[in-house]
Amino acid sequence: MEIVEGVNLHLIKNESLKTVHIKCRFSGQLRSKTVARRALVAQMLETATMTYPTNQAFRLALANLFGASLSTTLVTKGKTHCLDINCSVISDSYSFESQSLLEALMNVLKDMLFNPLVATEQYQKASFEVEKQNLMAAIDSENADLFYLAEQGLRKGFYQDSCQALSSLTTKDLLSREDAFTAYQEFQRMLHHDQIDVFIVGDFDDYDVIKQLHQFPFGPRQVALNLQYQQVYTNVISERCEIKESQQSILMLGYHMPFSYDAPEMLSLAVYNALLGDLPTSKLFVNVREKTGLTYAIGSYYDDFSQLATIYAGIQKTAKTEVLRLILRQVKEMRLGKFTVTDLDRAKLAIKNQLLVSQDSPNQLIEMAFRDYYSQEDLSIERLLIEIDAIDKNAIVAVAKKLRLQAVHLLEGVS
């Protein structure tokens with residue numbers, strides 16, 4: 001449902017949920033110039049407003065709504081940078097209050113967007129500087145995570161577009177260049193030019209929600225989202241090594257996968273990933289970790305918006321060559337169809353169970369609705385379950401043959 005051009009409302013009714021969840025998603029182009037500004041906007045949005053000018057006052061207002069929650073997150077989807085405002089509150093059907101808790105929460109959301117904590121066309125400096133330092137500390141915390149550092153190194157070697165390698169949380173270098181004025185101006189640009197999607201999940205009155213959202217003074221905008229990043233495979237494999245003070249090393253392999261997020265092969269890719277490294281019964285876990293004991297962690301995952309499939313392994317640095325050889329063997333065996341029907345059925349069952357469980361997860365329901373809306377495809381659970389049942393060995397082998405090694409990154413620990 002379109003509120004105004006470029007601002008969409010998605011109502012997802014689920015009467016079994018005892019809470020109502022709201023996600024307000026701002027989607028704009030991923031650019032190195034704005035990634036830090038958007039991260040600062042996310043910090044400021046969940047901190048205070050003119051009505052609630054301190055973080056304590058803001059959190060007290062939420063606590064008074066029977067402990068309503070509110071947070072912001074940043075995520076990259078292909079060439080699109082999304083800033084999400086996530087809220088939840090007890091459903092009115094479970095509340096004994098005369099006032100609608102959902103209506104009160106939406107008033108807080110309206111206050112966040114249209115009554116921010118500003119002074120003369122910029123964020124209030126004292127509050128802004130505190131949040132900027134908080135974000136700096138969060139980046140330091142991420143950089144202390146070996147797997148995060150290894151993944152960032154792999155992305156730099158894999159992507160031909162440097163923007164794709166950027167953390168959605170930004171970098172300290174980019175962050176240091178921004179101030180209260182540039183961040184606030186970015187927020188105003190987002191408010192008037194970003195694609196906005198408002199998702200509401202749970203048990204609620206449609207008419208009341210639509211009526212209230214129409215009171216938000218959103219203006220029309222024209223946005224062409226690009227949710228898919230694509231790049232051409234090159235037979236030159238990027239190999240990188242980074243030294244880090246640590247007792248452990250991380251080995252990462254990046255595979256080019258020539259599929260878009262709405263491609264028919266994506267379900268087969270999900271089953272392939274489960275067979276290869278996403279389950280305790282997967283080839284990587286059983287044949288590399290359990291049988292050899294050369295890794296303390298191993299697995300695989302993929303980003304269906306940016307054509308990157310990743311294999312990771314936590315290792316002792318002396319085991320690098322042997323672990324790499326064993327990983328490549330498992331990948332080759334997948335291309336040759338060296339897995340049993342039992343393995344395939346187990347992987348398909350795991351994917352089907354994940355889909356069924358997702359019906360009780362507001363965030364998963366929202367992400368499925370988002371994909372459904374922008375891909376213009378029927379992504380109903382019923383259809384997906386039928387299509388998973390139809391996946392056979394030939395479909396898995398066909399996907400396996402299209403994945404090609406593009407980058408290898410070693411985060412080598414030294415004492």
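Structure first, text after, so check above.
Residues numbered from 1 in each chain as written. Predicted model: local features only at pLDDT ≥ 70, side-chain atom pairs only at ≥ 80, totals over all residues. Heavy atoms only, no water.

We now examine the layout of surface pockets. The calculated volume of the largest pocket comes to roughly 1700 Å³. Along its surface, the largest pocket is lined by 47 residues, and Tyr302, Asp304, Phe305, Gln364 and Arg371 are the ones closest to its centre. No other element matches the 6 residues that helix 13 (residues 362–375) contributes to the lining of the largest pocket. Partitioning the lining of the largest pocket into residue classes produces 19 nonpolar, 12 polar and 16 charged. (1 Å grid on protein atoms, 1.4 Å probe; cavity = no way out; pocket = protein on both sides within 12 Å on 5 of 7 lines; lining within 4 Å. Points joined across faces, edges and corners; volume = space filled by probe spheres on them. Helix = DSSP H or I, 4+ residues; strand = E, 2+ residues; numbered from the N terminus. Nonpolar A, V, L, I, M, F, W, Y, C, P; charged D, E, K, R; others polar.)

To continue, consider the sheet that holds strand 1 (residues 2–4). One open sheet accounts for 6 strands, arranged 1-2-6-3-5-4; its pairing is mixed. Among the strands making up the open sheet, the edge pair consists of strand 1 and strand 4 (69–77). Adjacent strand axes in the sheet meet at a mean angle of 20° when their direction is disregarded. Here strand 4 runs beside strand 5 (residues 80–90); their pairing, made up of 9 bridges, is antiparallel. (Pairing = 2+ DSSP bridges. Axes fitted to C-alpha atoms, helices over the stretch in contact; angles between N-to-C directions.)

On to the packing of helix 9 (residues 266–278) against helix 12 (residues 341–358), then. Following both chains from N to C, one finds helix 9 and helix 12 inclined at 115°, their axes separated by 9 Å at the closest point. Classified by the angle their axes make, helix 9 and helix 12 are roughly perpendicular. Here the hand of the crossing between helix 9 and helix 12 comes out right-handed. Along the contact surface, helix 9 presents Ala270, Val271, Ala274, Leu275 and Asp278, while helix 12 presents Asp343, Leu344, Ala347, Lys348, Ile351 and Gln354. Taken together, the residues of the contact of helix 9 with helix 12 break down into 7 nonpolar, 1 polar and 3 charged. (Parallel < 35°, antiparallel > 145°, perpendicular 65-115°, else oblique. Left-handed = near helix turned anticlockwise from the far one by under 90°. Contact = heavy atoms within 4.5 Å.)

Under the counting rule described, the total for this entry stands at 2 cavities of 30 Å³ or more. Considered as a void within the structure, the largest cavity measures approximately 90 Å³ in volume. Lining the largest cavity are 13 residues, with Tyr272, Leu276, Ala309, Ile311 and Leu403 sitting closest to its centre. For the lining of the largest cavity, the elements supplying multiple residues, two or more each, are helix 9, strand 9 (295–303) and strand 10 (308–315). No other element matches helix 9, which puts 4 residues into the lining of the largest cavity. For the lining of the largest cavity, the residue count by class is 10 nonpolar, 3 polar and no charged. There is about 50 Å³ of room inside the second largest cavity. Looking at the second largest cavity, the residues that line it are Met44, Leu45, Ala48, Thr49, Met112, Pro116, Leu117 and Tyr123. Its residues assigned to classes, the lining of the second largest cavity shows 7 nonpolar, 1 polar and no charged.

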